[in-house]
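# An overview of the molecular structure
Here's the letter readout for the chains.
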Amino acid sequence: GCCPLSPEGAQTTQLLVEPPWRPAVLWDRVTLTCQGSGTAGASTWYKDGQRWGQEGIDHFFVNESGTYTCDRPGGGLSPPVTILNDWLVLQVPARTLLEGDTVTLRCQA
């Protein structure tokens, strides 16, 4: 047989960033939401590779810079999201960009 489209152990947990700009910056009032399979309120959060104190909630307002991931039962660990505290940043929309796309850039200071 052929390979399944979603092999067991595939990464299905996603970390959503609001507002949807990358890189995310602390002073942009960022909210992170952990989405994936499993029951509501079952997210485990990690900051800079260490288990972190936002247990059992699926979204929260970020007040510390760092690299965040979340884990949901059956969905695995999300891709990481880094929240910067830089004083000047050039941002792009947090979506897949293809060659030829028209894109709005955001320069913030």
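The notes below deal with the structure included here. (Residues numbered from 1 in each chain as written. Predicted model: local features only at pLDDT ≥ 70, side-chain atom pairs only at ≥ 80, totals over all residues. Heavy atoms only, no water.)

Of the regular secondary structure elements, the chain holds zero helices and twelve strands. For the chain, buried positions account for 29% of its 109 residues. In the chain, the proportion of contacts linking residues at least 24 apart, taken out of those at least 6 apart, comes to 51%. Entry remark: accessible area of the chain is about 7,000 Å², with carbon and sulfur atoms responsible for 54%. (Helix = DSSP H or I, 4+ residues; strand = E, 2+ residues; numbered from the N terminus. Buried < 20%, exposed > 50% of the residue type's maximum accessible area, 1.4 Å probe, protein only. Contact = heavy atoms within 4.5 Å. Areas by Shrake-Rupley, 256 points an atom, 1.4 Å probe, with all protein chains shown as cover.)

In a beta sheet, neighbouring strands are held together by backbone hydrogen bonds and run either parallel or antiparallel to one another. The sheet built from three strands is open, its strands ordered β1-β4-β7 with antiparallel pairing. Both edges of this open sheet fall to β1 (14-18) and β7 (59-61), since each of them pairs with a single strand only. Each neighbouring strand pair of the sheet contributes to a mean axis angle of 20 degrees, computed without reference to strand direction. Relative to β7, strand β4 (residues 31-35) runs antiparallel, the two being bridged by three bridges. Within the sheet, the bridge partner assigned to T33 lies in β7 and is H59. (Pairing = 2+ DSSP bridges. Axes fitted to C-alpha atoms, helices over the stretch in contact; angles between N-to-C directions.)

What follows covers the packing of aromatic side chains. Under the defined criterion, the tally for this structure stands at four aromatic pairs. Arranged with centres 4.7 Å apart and planes meeting at 90 degrees, the rings of W45 and F60 form a pair that is edge-to-face. Here W45 is found in strand β5 (residues 44-47), whereas its partner F60 is found in strand β7, with 15 residues between them in sequence. Across this residue pair, the class does not change: W45 and F60 are buried. (Phe/Tyr/Trp six-rings, centres within 6.5 Å; stacked < 30°, edge-to-face > 60°.)

Moving on, we come to the pattern of salt bridges. Tallied over the entire structure, the rule returns five salt bridges. The salt bridge involving K47 is made with D48; its shortest N-O contact spans 3.2 Å. Since its relative accessible area comes to 45%, D48 is described here as partly exposed. A salt bridge links K47 to E64; the nearest nitrogen and oxygen atoms lie 3.4 Å apart. Note that K47 is positioned in strand β5 and E64 in the loop between β7 and β8 (66-72), a separation of 17 residues in sequence. (Salt bridge = Lys/Arg side-chain N within 4 Å of Asp/Glu carboxyl O.)

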